[in-house]
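Here's the letter readout for the chains.
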Amino acid sequence: MKLITHNMLTSKGIKNVKEGFPLKIQADEVKNVDIDFDQDFISKMVPKLDWNALIFAAQCVGHKEDLPDTLPEGYENDEDLLRKLHHILLEVEVINGCLECPETQRKFPISNGIPNMLLNEDEV
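So, here's what we can say about the structure.

Conventions and cut-offs
- Residues numbered from 1 in each chain as written.
- Predicted model: local features only at pLDDT ≥ 70, side-chain atom pairs only at ≥ 80, totals over all residues.
- Heavy atoms only, no water.
- Pairing = 2+ DSSP bridges.
- Helix = DSSP H or I, 4+ residues; strand = E, 2+ residues; numbered from the N terminus.
- Contact = heavy atoms within 4.5 Å.
- Axes fitted to C-alpha atoms, helices over the stretch in contact; angles between N-to-C directions.
- Core = buried A, V, L, I, M, F, W, Y, C linked by side-chain atoms within 4.5 Å.
- Buried < 20%, exposed > 50% of the residue type's maximum accessible area, 1.4 Å probe, protein only.
- Polar contact = N/O pair within 3.5 Å; in protein donor to acceptor, adjacent residues only side chain to side chain.
- Salt bridge = Lys/Arg side-chain N within 4 Å of Asp/Glu carboxyl O.
- Parallel < 35°, antiparallel > 145°, perpendicular 65-115°, else oblique.
- Nonpolar A, V, L, I, M, F, W, Y, C, P; charged D, E, K, R; others polar.

### Overview of the sheet that holds strand E4 (residues 114-115)
Step number 1: Spatial strand order, E1-E2-E3-E4: 4 strands in an open sheet with antiparallel pairing. The open sheet has two free edges, formed respectively by strand E1 (24-32) and E4, since each of these has just one partner strand.
Step number 2: With 2 bridges joining them, strand E3 (residues 107-111) and E4 adopt antiparallel strand pairing. Within E4, the residue paired with Ser 111 across the bridge is Ile 114.
Step number 3: On the sheet, helix H4 (residues 79-91) packs against E1 and strand E2 (92-100) and is oriented at approximately 60° with respect to E2.

Right under this line is the structure:
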């Protein structure tokens, strides 16, 4: 699971969960993969991200790597920052582990890079 995917996942489908975001990542296996850098793609994705959730996810997997706590003005012209974002969003992959709901502590397994967010019948 790439961290760009994590930024869009929530557990608010669980009964009585108000927000269910951001999910805590408990990574058992993390892998780095090489992906060609596309500055235009990254700069267009950044406004769609929840920045605080991205920082939280990066910390969970041990890859905060000098990301600023707040998104700086003019980030789209900062190639160094965009390369760091490219790395954390697209090249860091959680292979095995789980995602934990911040409200219920329900754990969702990640297996072979795929998070299983299916709910049990009694959770809906």
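### As for the nonpolar core
Grouped burial of nonpolar side chains is what soluble globular proteins tend to show.
Step number 1: Grouped together as the largest cluster of nonpolar side chains are 32 residues, with contacts concentrated most on Ile 25, Leu 85, Ile 88, Leu 89 and Leu 99.
Step number 2: A total of 6 residues in this core trace back to one element, the largest contributor, which is H4.
Step number 3: When near neighbours in sequence (up to four residues on either side) are disregarded, Leu 99 contacts Met 1, His 6, Leu 9, Leu 23, Lys 24, Ile 25, Arg 106, Lys 107, Phe 108, Ile 110, Pro 115 and Met 117.

### With respect to helix H3 (residues 51-60)
Step number 1: Of the residues making up H3, those classed as buried are Trp 51, Ala 53, Leu 54, Ile 55, Ala 57 and Ala 58.
Step number 2: Where H3 is buried, its residues touch helix H1 (3-6), E1 and H4.
Step number 3: Where H3 begins, one side-chain oxygen reaches toward the backbone nitrogen of Asn 52, 3.2 Å away; that side chain belongs to Asp 50.
Step number 4: Just beyond H3, the residue with positive phi is Gly 62, at close to 75°.

### Observations regarding the pattern of salt bridges
Step number 1: Within this structure, the stated rule accounts for 7 salt bridges.
Step number 2: A salt bridge links Lys 64 to Asp 69; its shortest N-O distance comes to 3.3 Å.
Step number 3: Take Asp 69: its relative accessible area is 54%, and that puts it in the exposed class.

### Quick notes on the pairing of E2
Step number 1: Counting buried positions over the 9 residues of E2 gives 8, a clear majority of the element.
Step number 2: Bridge analysis of E1 against E2 gives 8 bridges, and the strand direction is antiparallel. If you follow Ala 27 over to E2, its bridge partner there is Gly 97.
Step number 3: Both E2 and E3 contribute to a ladder of 4 bridges, which runs antiparallel. Looking at the pairing, Glu 100 lines up with Lys 107 of E3.

### Brief notes about the packing of H3 against H4
Step number 1: In contact at an axis separation of 11 Å, H3 and H4 are set at 70° when each is read in the N-to-C sense. The angle between H3 and H4 falls in the class roughly perpendicular. Between H3 and H4, the residues in contact are Trp 51, Leu 54 and Ala 58 and Leu 85, Ile 88 and Leu 89, respectively.
Step number 2: Looking at side-chain class alone, the contact of H3 with H4 contains 6 nonpolar, no polar and no charged residues.

### Details of the side chain of Ser 11
Step number 1: As for its position among the elements, Ser 11 is in the loop between H1 and E1.
Step number 2: Residue class for Ser 11 comes out buried when judged on its relative accessible area of 3%.
Step number 3: Non-local contacts of Ser 11, meaning those with residues more than four positions away in its chain, are made with Val 17, Gly 20, Leu 23, Cys 101, Pro 102 and Phe 108.

Just geometry here; none of it tells us what the structure is for.
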